[in-house]
Amino acid sequence: MRRRGGLAQVGHPETRATPGGRKPEPRRRLTILPVATMLTARLSRPLLQLPGKTWSFSGRENEMRHTLLSSTSSVPVACRTYAADTVSPVGSKAVLVTGCDSGFGFSLAKHLHSKGFLVFAGCLLKDKGDDGVKELDSLKSDRLRTIQLNVCKSEDVEKAVETVRSSLQDPEKGMWGLVNNAGISTFGEVEFTSMDTYKEVAEVNLWGTVRMTKSCLPLIRRAKGRVVNISSMLGRMANPARSPYCITKFGVEAFSDCLRYEMHPLGVKVSVVEPGNYIAATSLYSPERIQAIANRMWDELPEVVRRDYGRKYFDEKISKMENYCNSGSTDTSPVIDAVTHALTATTPYTRYHPMDYYWWLRMQIMTHLPGAVSDRIYIH
Ligand SMILES: NC(=O)c1ccc[n+]([C@@H]2O[C@H](COP(=O)([O-])OP(=O)(O)OC[C@H]3O[C@@H](n4cnc5c(N)ncnc54)[C@H](OP(=O)(O)O)[C@@H]3O)[C@@H](O)[C@H]2O)c1
């Protein structure tokens, strides 16, 4: 058995002084690690067999102590509902959502519009006549306007903010909300990932979020409005072969926390939404995209890495990723509800966790237990 830090401190053969000067007795060994590991694994396994229904776990960071493992709670943790207290009519309020060509962003634009918001839907491919854009435009509503927006391009961002500002009835009253949703994802072990790939993902997910937020803050501050950042469960816990994505989402979390602290005295509320696995419901990955990433990755591998790992190992990793991408919830409503709550509740939560039982429990264990324990349960 391996012994590492935290709970893995399995008692050294220390001695303790005994009264009367008798010979010291060896201290009894603590065997916390095996017990804790066994217990947690036993508790978590039955949950894996539960039907794959997605529940939304939410809460202000320190209030979210549900009792997933507790037998005392008669209300399943999943039944927790959002507080109904909402801000005054949303009708006049403007919200800008990025990445609306597909996935969460597309659904959000439609949902927020149906709630009465004035929605500015940023679309990467508006100028290319993307299907998502066409569908949003086909609603022909004054309250749903698609705008060309690549979050990596400062000119696009400035133009988008100007479009919003000039559409507001009273720009001095500002804009209510910004939802930083645009994102891309990739995978690959650290040794398989090129520096260009790391930078490419960060440019959209992290710097895109920072760029958008900085440009919108003057308007949001005036309205004492909301910033909602779409992070991921992988912004809270890392995973092998996901470093290019994880580091950007951990960055989004850090950025959001700093911003929340700074904005608090100014009345702006900042929330983070951390979806679990919804791959099956959005366009983040497709089999073709995985294959394209894999081919490019293999072609660009340094010779020494290619030789040391070999094609078989590489292919196994790719097929693992393909399996992961065939999984996930197809119902995005927990994510849409979380964002809506963050925009409309008088007291929005700091973090929202729309994810299924398995990932929620895994996130709790990975973020609250020592690495020595969580690594053994989920990684090794
Ligand atoms: N799906 C999941 O399981 C999951 C889980 C956790 C977190 N998330 C996060 O949720 C957010 C939305 O992703 P999704 O799952 O809905 O995937 P998606 O369907 O691919 O949506 C992402 C959107 O962002 C757009 N986009 C990409 N690069 C952009 C750029 N430079 N500027 C502006 N827009 C850009 C995409 O446009 P194109 O379609 O034209 O490329 C797409 O419309 C992302 O931040 C993602 O990391 C997703």
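With an unreviewed UniProt entry as reference, the protein is termed D-beta-hydroxybutyrate dehydrogenase, mitochondrial, source organism Erinaceus europaeus. Note on the protein: under the UniProt heading Subunit (unreviewed entry), the record states "Homotetramer." Of the comments in the UniProt record for the protein, the one headed Catalytic activity (unreviewed entry) reads "(R)-3-hydroxybutanoate + NAD(+) = acetoacetate + NADH + H(+)".

Regarding the packing of aromatic side chains
One pass over the full model with this rule turns up eleven aromatic pairs. Ring plane angle 75 degrees and centroid distance 4.9 Å describe the contact between Tyr358 and Trp359, whose orientation is recorded as edge-to-face. Note that Arg306 overlies the ring of Trp298, its terminal NZ or CZ placed 5.5 Å from the centroid.

Description of helix α6 (residues 207-223)
Here α6 spans 24 Å end to end across 17 residues, near enough to the 24 Å set by a 1.5 Å rise per residue. Turning to α6, its buried residues are Gly208, Thr209, Val210, Arg211, Met212, Thr213, Cys216, Leu217, Leu219 and Ile220. As for α6, its buried residues are in contact with β4 (94-97), α4 (154-167), β7 (177-180), α5 (195-205), β8 (226-230) and α7 (243-263). Of the residues flanking the end of α6, it is Lys224, one or two places downstream, whose phi is positive at about 45 degrees.

A closer look at the site of the ligand
Residues in close proximity to the ligand total 29 residues, the closest being Asn150, Asn181, Tyr245, Tyr278 and Thr282. Contact between the ligand and Gly183: an oxygen atom at 3.4 Å from a main-chain N or O atom of the residue. Between the ligand and Tyr245, the relevant distance is 2.6 Å, taken from an oxygen atom to a side-chain nitrogen or oxygen of the residue. Contact with the protein chains covers 91% of the free accessible surface of the ligand, which is 870 Å². Judged by the fraction of its atoms near the pocket grid, the ligand is located in the largest pocket. Those elements that provide at least two residues to the shell around the ligand are α2 (103-114) and α7.

Rules used throughout
Residues numbered from 1 in each chain as written. Predicted model: local features only at pLDDT ≥ 70, side-chain atom pairs only at ≥ 80, totals over all residues. Heavy atoms only, no water. UniProt positions renumbered as here; feature names shortened; annotations may be inferred. Phe/Tyr/Trp six-rings, centres within 6.5 Å; stacked < 30°, edge-to-face > 60°. Lys NZ or Arg CZ within 6 Å of the ring centre and 35° of its normal. Helix = DSSP H or I, 4+ residues; strand = E, 2+ residues; numbered from the N terminus. Expected span 1.5 Å × (residues − 1). Buried < 20%, exposed > 50% of the residue type's maximum accessible area, 1.4 Å probe, protein only. Contact = heavy atoms within 4.5 Å. Near = heavy atom within 4 Å. Polar contact = N/O pair within 3.5 Å; in protein donor to acceptor, adjacent residues only side chain to side chain. Areas by Shrake-Rupley, 256 points an atom, 1.4 Å probe, with all protein chains shown as cover. 1 Å grid on protein atoms, 1.4 Å probe; cavity = no way out; pocket = protein on both sides within 12 Å on 5 of 7 lines; lining within 4 Å. Sits in = over half its atoms within 2 Å of the grid points.

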